[in-house]
Amino acid sequence: MTALIGSYAAAAGLASLLSRLLPVARAEATVWGMILSFLLFAALGLWAFHEQRLLRVTARIWGTAIICLCLLSILGPRA
């Protein structure tokens, strides 16, 4: 569950945060975020199955997702 759902949440949070912070046009930032989200999702999923300690995987993946989503809520919508 953590490898599938947690990796998706972390990748979506990181990609959204990246597209929110990039100093380019909104459409271009969204495309870059979407492209990088596929790479992040695959990398996090592979790492989750490679790591031997479940607590480390769970803490890092879900922690990343929660931190990114909290930062996005603090930043608010892009003007």
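Note: the structure precedes this text.
Residues numbered from 1 in each chain as written. Predicted model: local features only at pLDDT ≥ 70, side-chain atom pairs only at ≥ 80, totals over all residues. Heavy atoms only, no water.

Draft legend 1. Quick peek at the side chain of Thr2. Inspection of the secondary structure puts Thr2 in helix H1 (residues 2-21). For Thr2, the side chain forms a polar contact with the side chain of Trp62, separated by 3.3 Å. What Thr2 contacts, discounting residues up to four positions off in sequence, is Ser7, Val57, Thr58, Ile61 and Trp62. (Helix = DSSP H or I, 4+ residues; strand = E, 2+ residues; numbered from the N terminus. Polar contact = N/O pair within 3.5 Å; in protein donor to acceptor, adjacent residues only side chain to side chain. Contact = heavy atoms within 4.5 Å.)

Draft legend 2. Examining a nonpolar patch on the surface more closely. A contiguous nonpolar surface patch, about 770 Å² in accessible area, is contributed by Met1, Leu4, Ile5, Tyr8, Phe41, Trp62 and Ile66. Sorting the residues of the nonpolar patch by element identifies H1 and helix H3 (54-75) as the ones contributing at least two each. Counting residues per element, the nonpolar patch draws most heavily on H1, which supplies three residues. With respect to the element layout, Ile5 can be found in helix H1. Look at Ile5 and you get partly exposed, because its relative accessible area is 41%. (Patch = residues over 30% accessible without salt bridge, like charges linked within 9 Å, V, L, I, M, F, W, Y side chains within 5 Å. Areas by Shrake-Rupley, 256 points an atom, 1.4 Å probe, with all protein chains shown as cover. Salt bridge = Lys/Arg side-chain N within 4 Å of Asp/Glu carboxyl O. Buried < 20%, exposed > 50% of the residue type's maximum accessible area, 1.4 Å probe, protein only.)

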